[in-house]
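Remarks on the overall topology
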Amino acid sequence: MRLLALLHRWVGAIGGALLALLGATGALLVWRDRLTSVPHAGDAVSRDPAALARVLDGLAANGRPLDRVTLAGEGLGVHQVVFRDGGGAYLSQSGEMVAHWSSAWQRPELLLFDLHHRLLLGEAGETVNGVGALVGLVLVVSGVVLWWRTRARFRPRLWPARMTSGAIVHHHRDLGVLTAPLLALSLLTGAMMALPAVERLLLAPLGASDRARPPKLATTDPAVAVPKSFGPLLAAAAQRFPGAVVRRVQWPRGAGAPMALRLRQPFEWTPNGRTFVYADPATLRMVDVADPATGGAHERAREKLYPLHAAKVGGLAWKLAITASGLALALLGSLAVYGFWATRARVSASRRGRRSVRLPKRSAL
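This section reports on the structure supplied with the text. (Residues numbered from 1 in each chain as written. Predicted model: local features only at pLDDT ≥ 70, side-chain atom pairs only at ≥ 80, totals over all residues. Heavy atoms only, no water.)

Before going further, it helps to examine unusual backbone geometry. If you check the backbone angles, His40 has positive phi at about 70 degrees while not being a glycine. Within the secondary structure, His40 is located in the loop between α2 (32-35) and α3 (49-61). Notably, Leu284 is not glycine yet its phi reads approximately 60 degrees, a positive angle. Inspection of the secondary structure puts Leu284 in the loop between β7 (275-279) and β8 (286-290). The buried category is assigned to Leu284, whose relative accessible area is 7%. (Helix = DSSP H or I, 4+ residues; strand = E, 2+ residues; numbered from the N terminus. Buried < 20%, exposed > 50% of the residue type's maximum accessible area, 1.4 Å probe, protein only.)

This is the structure in structure tokens:
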């Protein structure tokens, strides 16, 4: 147990800052839609396919290369447009541009998401986050084991009684065990999303992944032939998946890649859905679909990771629970770092003081 306690303290002291950052940014991202301050953000969502087709047609005819358009939905009443050059814009549901940016650094909610998801470091940052989440999960488990010895002194507090090492340790143990189930869920789902190998390993008992792949088209240029009208494609998607809502339009990202409509069927938890309608970008003719209703247990479980992690299901109660989990992680991580290194600094200063007292005084002669 001494070795476990030593490892727990050192790992927490080194990795606590990263976990605190993930917790604080994650708690804020639960409320991302409400923090997105642009005109028309609170508009009721229109499901008029003709109005949506007009907006998409206007964007396609604009000439600026597009990457994707995430459509207005529950919580945010504007469309988010992302261009290939890294810029973007928010459009009202009538097609009016209400905000635009040339870099994600100009939009706080986008910067916050990238900081939480990738640490502003791209794919490398995502991997670091996944490893950090696994480390955090180990700390949660080992913390519960270490707390068991002191369970008789359980006194849950939102803040340490005093900013002394002993009080911080007691607060850390009790708050950690109190929030351990939520912390474990947040960290585990985060690690599984960031590290595909972890996801495959943990979901292997449910069978192999049968995730559908986009079809490969004969075209050699992803920008070939600007689409004339999205109306027929939207109508075909509605006929193929009655009751589904179009959530995102993805332009081709490489040679031979299709145009993709991403839809959400009523049984799906993921806000943008995992139902896909693929189309030839030159003709906008539907060429293939991917229906999660036909998927296996592996994909059904995988689809629920993000909604649970980001509180996209469960209503206000789950949003508050995940927010509390993020704030607890931020508090536990930051106080672990502060308490450990502040204590070591005081001990080191005390030792230096004792050594200086023992030094013999020099003779004045």
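Put simply, helix α4 (residues 108-118) and helix α5 (residues 123-147) touch, their axes get as near as 7 Å, and they point 60 degrees apart. For the element pair α4 / α5, the angle class is oblique. Where α4 approaches α5, its residues Leu115, His116, His117 and Arg118 are matched on the opposing element by Glu123, Gly125, Glu126 and Asn129. A per-class count over the contact of α4 with α5 returns one nonpolar, four polar and three charged. (Axes fitted to C-alpha atoms, helices over the stretch in contact; angles between N-to-C directions. Parallel < 35°, antiparallel > 145°, perpendicular 65-115°, else oblique. Contact = heavy atoms within 4.5 Å. Nonpolar A, V, L, I, M, F, W, Y, C, P; charged D, E, K, R; others polar.)

Among the nonpolar cores identified, the biggest contains 28 residues, and Phe230, Trp251 and Leu261 are the most heavily contacted of them. Of all elements in the fold, only α3, β1 (66-70), β2 (79-83), β3 (88-91), α8 (231-240), β5 (245-250), β6 (259-264) and β7 reach the threshold of two or more residues within this core. No other element matches the six residues that α3 contributes to this core. Once you skip the residues sitting within four places of it in the chain, Leu261 turns out to touch Leu233, Leu234, Ala237, Arg248, Val249, Thr275, Phe276 and Val277. In terms of nonpolar packing, the next biggest core, distinct from the first, is built from 15 residues, Leu175, Ala180, Leu183 and Leu187 among them. (Core = buried A, V, L, I, M, F, W, Y, C linked by side-chain atoms within 4.5 Å.)

This part takes up helix α6 (residues 165-194). Across its 30 residues, α6 extends only 34 Å between first and last C-alpha, which sits more than 12% below the 44 Å expected from 1.5 Å per residue. At Ala180, α6 is bent by approximately 65 degrees, the largest bend along its length, and proline Pro181 sits one to four residues beyond. (Expected span 1.5 Å × (residues − 1). Bend = angle between axes of the 7 residues up to and from the residue.)

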